[in-house]
Amino acid sequence: MSPLRNPRPQPVVVEPEVLDAHLSLHDLGLYVKVSQWLPLLVEDVSVHDCIAHMRYGAFGEQNSEVELRAGLQRLADAGLLELGEG
């Protein structure tokens, strides 16, 4: 039996301040992915760690480092994300 490639969608709840930030759908999706991933970690996460994980990790597709870095910066500028520089 092969692993489930597309598991059933799970409801996502975001705080009102996230919606009030008027993010693009792309940035909102990035926020959801990062907010689900970060609580699983034990240590502080740098921007580099986050980009490396999202480009080659559990999300399964190669994403542009430039696009990810820009999206993470927009989330930080909106006050929704704090990552170390590392």
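Residues numbered from 1 in each chain as written. Predicted model: local features only at pLDDT ≥ 70, side-chain atom pairs only at ≥ 80, totals over all residues. Heavy atoms only, no water.

Draft legend 1. Seen up close, helix H4 (residues 65-77). Helix length check: H4 (13 residues) gives 18 Å between terminal C-alpha atoms against 18 Å at 1.5 Å per residue, within 8%. Within H4 the residues assigned to the buried category are Leu68, Gly71, Leu72 and Leu75. For H4, the arc enclosing every buried residue in end-on projection is 100 degrees, short of the 170-degree limit, so these residues lie on one face. For H4, the exposed residues set more than 90 degrees away from the buried face come down to Val66 and Asp77. In this structure Ser64 caps H4, since a side-chain oxygen of it lies 3.3 Å from the backbone nitrogen of Val66. (Helix = DSSP H or I, 4+ residues; strand = E, 2+ residues; numbered from the N terminus. Expected span 1.5 Å × (residues − 1). Buried < 20%, exposed > 50% of the residue type's maximum accessible area, 1.4 Å probe, protein only. Arc of directions from axis to C-beta. Polar contact = N/O pair within 3.5 Å; in protein donor to acceptor, adjacent residues only side chain to side chain.)

Draft legend 2. Inspection of the pattern of salt bridges at higher detail. For the coordinates displayed, the defined rule picks out two salt bridges. Here Arg74 and Asp27 are joined by a salt bridge, their closest N and O atoms 2.5 Å apart. With Arg74 in helix H4 and Asp27 in helix H2 (residues 25-37), this pair connects stretches of sequence that are 47 residues apart. Given a relative accessible area of 38%, Arg74 falls into the partly exposed group. A relative accessible area of 4% means that Asp27 is categorised as buried. Among the ionic pairs, Arg69 bridges to Glu65, the shortest N-O distance being 3.4 Å. Taken as a pair, Arg69 and Glu65 lie in helix H4 at a separation of four residues, close to a single helical turn. (Salt bridge = Lys/Arg side-chain N within 4 Å of Asp/Glu carboxyl O.)

Draft legend 3. Quick peek at the packing of H2 against H4. At a minimum axis distance of 10 Å, the contact between H2 and H4 shows a crossing angle of 85 degrees. The orientation of H2 with respect to H4, classified from their angle, is roughly perpendicular. In this structure, H2 contributes His26, Asp27, Leu30, Tyr31 and Val34 to the contact, and H4 contributes Leu68, Gly71, Leu72, Arg74 and Leu75. For the contact of H2 with H4, a count of residues per class yields six nonpolar, two polar and two charged. (Axes fitted to C-alpha atoms, helices over the stretch in contact; angles between N-to-C directions. Parallel < 35°, antiparallel > 145°, perpendicular 65-115°, else oblique. Contact = heavy atoms within 4.5 Å. Nonpolar A, V, L, I, M, F, W, Y, C, P; charged D, E, K, R; others polar.)

Draft legend 4. Quick peek at unusual backbone geometry. Positive phi is not limited to glycine here, since His22 has a value of about 55 degrees. Here His22 is to be found in the loop between helix H1 (16-20) and H2. Judged by relative accessible area, His22 falls into the exposed class, the value being 71%.

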